[in-house]
Amino acid sequence: MNQKVSVADIKPGNIVVYKDKLFKVRKTEHVKPGKGGAFIKAELKGVDSETKINERFRAEEYIEKAILEEKQAKFLYESNGECCFMFMDDFEQFEIQKSDFEPISHFLSDGIEIKAMMYEDDKGSRVISFDFANPVVMEIIEADPAIKGQTAASSYKNAVLENGMKILVPTYIDQGDKVVVDPSSCSYVERYKNK
């Protein structure tokens, strides 16, 4: 079951049905040219394929937004490029190709909880995306030295996370520090504060 929404209301991360296929919205940009009507540019990536398309919609157009059911799950292990999870409510296990969820799959660790987004269609109920239930905390294992004269507020430097992913961090972050990371964009959020 899907819901018709204004194209102007779709946001990155939404799953939409377009031309009878499921797409994840990667980017949207509202454009208001000097002449003519406003339009929305959207970058869409196929859920069931590697297809990427860029579409232009009139601002007054409608699109079908997929209705998703959220279920809590736990990451168990990875084997041969497949990640195995278990639903928390019924302990049923399911597998997802690791490559289908780059780059966020690099942030999986034993026992980490996720929110699995389920979609039901003529193929049955299946997981089509997931997000982390809690912020992801990672240790910096390598960081460029800070350059004298850089202001801490506006400068960033290269660093490497414990999972091998490269990231930009403020100059005051050093090797051994723990940081909160947004897995979907592989970007720094804040320094981790032990509570």
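Residues numbered from 1 in each chain as written. Predicted model: local features only at pLDDT ≥ 70, side-chain atom pairs only at ≥ 80, totals over all residues. Heavy atoms only, no water.

Participant: Even after reading the chapter, I still don't get the pattern of salt bridges, so can you show me in this structure?
Facilitator: Proximity of charged atoms lets side chains of opposite charge pair with each other. Inspection of the entire model under this criterion finds 10 salt bridges. Across the salt bridge formed by Arg58 and Glu61, the nearest N and O atoms sit 3.9 Å from each other. Residues Arg191 and Asp177 are paired through a salt bridge, measuring 3.9 Å at the closest nitrogen-oxygen approach. One end of the pair, Arg191, is in strand β16 (residues 187–191); the other, Asp177, is in the loop between β14 (166–170) and β15 (178–182), and 14 residues separate them in sequence. For Arg191, a relative accessible area of 36% corresponds to the partly exposed category. (Salt bridge = Lys/Arg side-chain N within 4 Å of Asp/Glu carboxyl O. Helix = DSSP H or I, 4+ residues; strand = E, 2+ residues; numbered from the N terminus. Buried < 20%, exposed > 50% of the residue type's maximum accessible area, 1.4 Å probe, protein only.)

Participant: Looking at this structure, I do not really get unusual backbone geometry. What am I missing?
Facilitator: With the exception of glycine, most residues fall at negative phi, and the peptide bonds are largely trans. A positive phi angle is found at Asn80, which is not glycine, with a value near 50°. Mapped onto the elements of the fold, Asn80 is located in the loop between β7 (69–79) and β8 (82–87). One non-glycine residue with positive phi stands out, namely Phe91, at about 60°. According to the relative accessible area criterion, Phe91 is exposed, its value standing at 57%.

So far we have only geometry, and geometry alone does not tell us how the molecule works.
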